[in-house]
Amino acid sequence: MSAQTASIIVTLGAVFFAIAVTLWALRLTRGIREANLGWRRRAEELESKLNHADSIFAAHPGLVLVWPDAADESEDEWSIPRIYGSQVALGSMLKFAGRSNRAEPARAILEGLADYEARDASGVETTLRERLKTLHALGEPFSLTIIGPNGHFLEADGRAAGVQIVLWLADSTIKCLEESGARGRLEELRHTIAKDPVAFIDMLSKAPLPAWRLSSGLKLDWANTAYLRAVEARDLDDAIERQLVLDPQTSTLAREVVKTSAMQHLVQAVVIDGKRQHYDIICFPVSGGVACLAHDVSEAEALRENMSLQARAHDETLNHLADAVVIFSSQQKLIFHNTAFLTLFGLDENWLETKPTHGNWLDYLRERRRIPEQAKFQEWKQAELAHYADRPDVEAPDELWHLPDGRILRTTRLAHPLGGLLFIFEDMTDQVNLKARFTTLINVQKATLDKLTEAVAVFGADGRIRLHNAALEALWRLGPKDIAEGEPFDVIAQKCRSLFPNEKYWSEMKARITDPGGEMRVHKTGEIKRSDGSVLTWLSHPLPDGASVVAWSDVTDSKNVEKSLQDRAAAIQAAADLKSHFVEHVSYQVRAPLTTISGYADLLESGYAGPLGDKLKGPIDAIQSASAQLATMLENILDVAAVEAGTLALDLNDVDPFAIIEGMVALVQTRAEQTRVHIKVDCPEDIGMLRADGPRLKQVLYNLMRNALTYTEAGGTIHIGAAAKEDMVRFWVFDDGIGIDEEKRASVFEEFESGKGGGAGLGLALVRSFIDLHGGLVRLESTKGKGTKVTCLLPRNASVENATPELELPELAQTS
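Residues numbered from 1 in each chain as written. Predicted model: local features only at pLDDT ≥ 70, side-chain atom pairs only at ≥ 80, totals over all residues. Heavy atoms only, no water.

Our focus in this paragraph is the overall build of the protein chain. Broken down by element type, the protein chain carries 25 helices and 29 strands. In the protein chain, which comprises 816 residues, the share counted as buried stands at 36%. For the protein chain, contacts bridging at least 24 residues in sequence account for 50% of all contacts bridging at least 6. Of the roughly 48200 Å² of accessible surface on the protein chain, a fraction of 56% belongs to carbon and sulfur atoms. (Helix = DSSP H or I, 4+ residues; strand = E, 2+ residues; numbered from the N terminus. Buried < 20%, exposed > 50% of the residue type's maximum accessible area, 1.4 Å probe, protein only. Contact = heavy atoms within 4.5 Å. Areas by Shrake-Rupley, 256 points an atom, 1.4 Å probe, with all protein chains shown as cover.)

Here it is in structure tokens:
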């Protein structure tokens, strides 16, 4: 029972719950229907209002563009506004869209009209693009008249409506406004005053330089023939359809023009007809887009490149100059310097890279004491910098900078063609020093020449006198003003012809001075006799630098003295010849009776006439001694005469000095014993052979021994000897006799100088003559009261110069 009851209760509960849910659903559905009905009525009202607005907008002769908010517009793209207006107005406006994207008509219309020329109410030129940007950014309203193509005028009004931006666009033609309206008439008048626009378009179309026009959307919409040829287009339609561009950079350039509303240009290399050419591409804003022109600047670019190469070559040339070069711009900035400039002033290259000013450079050098010391440096510096303002048309005079380190710089200042100043610094230290030395040398030479008694003149290769001394003026009787430096040779020669009018002489002298040929430029001397009777010797000598020196010397007195000496020499020679002849004659005349006397004395002594008594023997001995002495004297006189006449010849043979000395000692031994004088010999037996004239050598030693015996007192000693050393043989005779007075030593070897013995004085003279003929020498040493020593030095092989001809021939044959 209970189970059934429970089942019934559950069933009843479910039924009641279902009824409750159904009642709640019925009530809820009724509320929804009422709400839906209310929203439907609201939608109908809104649709009615919208239709009403659409009908109003459709009746408006223009378009209304609405941006739901005033967000910043992109610089390159438009945000898409809602568009309202009649279909007729939309179709009219789409004419200005060109070939832009028709799927977005609002954007296409804006792009088409944004860059056409426009004027506001005050007549200020502007564009729709610029004013829309200002409206979006600042909310500034505007009213514009846009000058479209084909004489269309459009009105544009922009306003801010709350957060929305509204733009009204209207075509004056669609509005049925008369073309004579105030603004329209004004703009029409401005355009109609242009002269013959058709001819201008035809001219531009046939222009040799490429020209084209881009729309506001940067699409090609017109080009001339040159452009079509450059882009290899069949015709304009082909170029527009394919959107052919001269160079990709032109699109970027046009976009920059649209962005800045200012002209832009660039120089771009373009390949046309297979040739690489440079074009100067110019893009500038025009009404409705961008116009572009391309000018062929290939030649100008080539010239610019050539100028650049020349500039670099010029800089390289200056960089290789030994002189320092620096250039400062018109703003006094350092713009160029060569390596020599860096080295000359010892500058830091990194510091020069900072492009210091001229003033900074002077301060830099002053700190390092590399410019001339200045008491008032600032004034001097300002004077240096003042040259930039002066810029003289003519070259400024050079200056010499004396640096503290002793260097001397020549400073040349020039106005640079591109503005500023160019400085050239040349180290003149060596040159100035050399010039000073040269000037000193010239002055010394001038002073030296003035001290000479000879007349001297130096002529250049051009025949002009460079240097002369005072003696030249005196010799040729010229005044100080008659010879000027640089005067031609012909003028000077003309002044000298009064004393020596020999045309050939002066012509030849001029040729030696001016003729560069080797035949004339040789050392030449000569002698001339002038009309005044004076005699001059002259010489012409070429100098290394092409100049010539000519000198004249007055030898008139010398010639007179020379003639006198010649006459005297002739007289002396005549006297010598007379003496020789006399000596020979007398010797011959004396020798014959002397031989007779000596012969009869010998006969009487030999007992031919009978025995001699004691009374006759003494006189006979005296006669024999006197005869022998007189014979010796005659022989000596003949030898002296032969020596003086140069006819005495040596008979050279190999002789033994030891044997000669022994024979000589034996010859004088008897007389030495009679006078009680001792003789000592000092000669090695192996002394060797000597090439000499034996008899003459014996005569030399005999004369020396006889002279020693004469001046050596009883009990004295005479030393005679010989010694060999290398290729010389030395003979000496030394006695301890009375010696020779000092005043007589120089004349003992003179002829006819007799001493104590009272002889003829020829013995020692012959000693010296015979030794000289052998190529030797004689030395005398004597001390008063102590004795005398005579030394004879002979070469081991005597000279054959004075030998007999018989001896010379074998010697010559042997040497040949």
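Having put the structure on the table, let's press on.
This part is about the packing of aromatic side chains. Taken as a whole and judged by the stated rule, the model has 21 aromatic pairs. Their ring planes at 35° and their centres at 6.5 Å tell us that Phe-341 and Phe-425 sit as a pair that is tilted. Residue Phe-341 is found in helix α11 (residues 339–345), and its partner Phe-425 is found in strand β17 (residues 421–427); the two are separated by 84 residues along the sequence. Side by side, Phe-341 and Phe-425 carry an identical accessibility label, which is buried. With centroids separated by 5.5 Å and ring planes inclined at 75°, the aromatic side chains of Tyr-505 and Trp-538 adopt a geometry described as edge-to-face. You can see Tyr-505 sitting in helix α19 (residues 503–514) and its partner Trp-538 sitting in strand β21 (residues 535–542), a full 33 residues away along the chain. On the accessibility criterion, Tyr-505 (8% relative accessible area) is buried. Given a relative accessible area of 9%, Trp-538 falls into the buried group. (Phe/Tyr/Trp six-rings, centres within 6.5 Å; stacked < 30°, edge-to-face > 60°.)

This part takes up the nonpolar core. Counting residues in hydrophobic clusters, the biggest one holds 41 residues, and the most contacted among them are Ile-661, Leu-690, Leu-704, Met-705 and Phe-731. Contributing elements (two or more residues each) for this core: α22 (657–674), β25 (690–692), α23 (694–711), β26 (717–725), β27 (728–735), α24 (763–773) and β29 (787–795). Apart from the residues lying within four places of it in its own chain, the contact partners of Phe-731 are Pro-657, Ile-661, Leu-690, Leu-697, Leu-701, Gly-721, Ala-722, Val-790, Thr-791, Cys-792 and Leu-794. Counting 27 residues, the second largest nonpolar core, distinct from the first, contains Trp-67, Leu-94, Ile-109 and Leu-167. (Core = buried A, V, L, I, M, F, W, Y, C linked by side-chain atoms within 4.5 Å.)

Moving on: the sheet that holds strand β4 (residues 125–126). In space, the seven strands of this open sheet follow the order β2-β1-β7-β6-β5-β3-β4, with antiparallel pairing throughout. In this open sheet, the two edge strands, each paired with only one partner strand, are β2 (82–85) and β4. Pairing geometry for strand β5 (residues 142–147) and strand β6 (residues 153–161), over six bridges, is antiparallel. The residue of β6 that forms the bridge with Ile-146 is Leu-154. Packing of helix α3 (residues 105–113) onto the sheet brings it into contact with β1 (62–67), β2, β5, β6 and β7 (164–171), and relative to β1 it is tilted by some 105°. Of the strands in this sheet, β1, β3 (118–120), β4, β5, β6 and β7 touch helix α4 (residues 128–138), which is tilted by about 165° from β5. (Pairing = 2+ DSSP bridges. Axes fitted to C-alpha atoms, helices over the stretch in contact; angles between N-to-C directions.)

Bridge count for strand β15 (residues 399–402) against strand β16 (residues 408–415) is four bridges, and the pairing is antiparallel. In the sheet register, Trp-401 faces β16, and the bridge partner there is Leu-409. Here β15 folds back onto β16, and the loop between the two strands holds five residues, one of which, Gly-406, carries a positive phi near 95°.

Moving on, we come to the sheet that holds β21. Spatially, β19-β18-β22-β21-β20 is the arrangement adopted by the five strands of the open sheet, whose pairing is antiparallel. Lying at the two open borders of the sheet, with one neighbouring strand each, are β19 (465–468) and β20 (524–529). The mean inter-strand angle of the sheet, taken between neighbouring strand axes irrespective of direction, is 20°. Looking at chain direction, strand β18 (residues 455–459) and strand β22 (residues 548–554) are connected through five bridges and run antiparallel.

Residues of the protein chain with pLDDT of at least 70 account for 75%, and the chain-wide mean is 77. In this model residues 176–190 is a low-confidence stretch, pLDDT under 50, and it forms 21 contacts with partners more than four residues away in sequence or in other chains. (pLDDT = per-residue confidence, 0-100.)

Another point: unusual backbone geometry. Most of the time, phi is negative for any residue but glycine, and the peptide bond is trans. A positive phi angle, close to 70°, is found at Gln-332, a residue other than glycine. Here Gln-332 is to be found in the loop between β13 (324–328) and β14 (334–337). Here Gln-332 falls in the partly exposed class, since its relative accessible area comes to 23%. Located in the positive-phi region is Arg-676, a residue other than glycine, with phi close to 55°. Here Arg-676 lies in the loop between α22 and β24 (678–682).

Turning next to the side chain of Thr-791. Among the structural elements, Thr-791 can be located in strand β29. Residue Thr-791 is classed as buried on the basis of its relative accessible area of 1%. Aside from chain neighbours lying at most four places away, what touches Thr-791 is Arg-730, Phe-731, Trp-732, Leu-777, Val-778, Arg-779 and Glu-781.

Glancing now at the pairing of β18. Burial analysis of β18 places five of its five residues in the buried class, the great majority of the element. Burial along β18 is two-sided: Ala-455, Ala-457 and Phe-459 facing one way and Val-456 and Val-458 facing the other are all buried. Two strands pair when backbone bridges link them, and β18 and β19 are joined in this way by three bridges, in the antiparallel orientation. Bridged to Phe-459 within β19 is Ile-465. Between β18 and β19, which follow one another and run antiparallel, lie five residues, and Gly-463 among them has a positive phi close to 85°.

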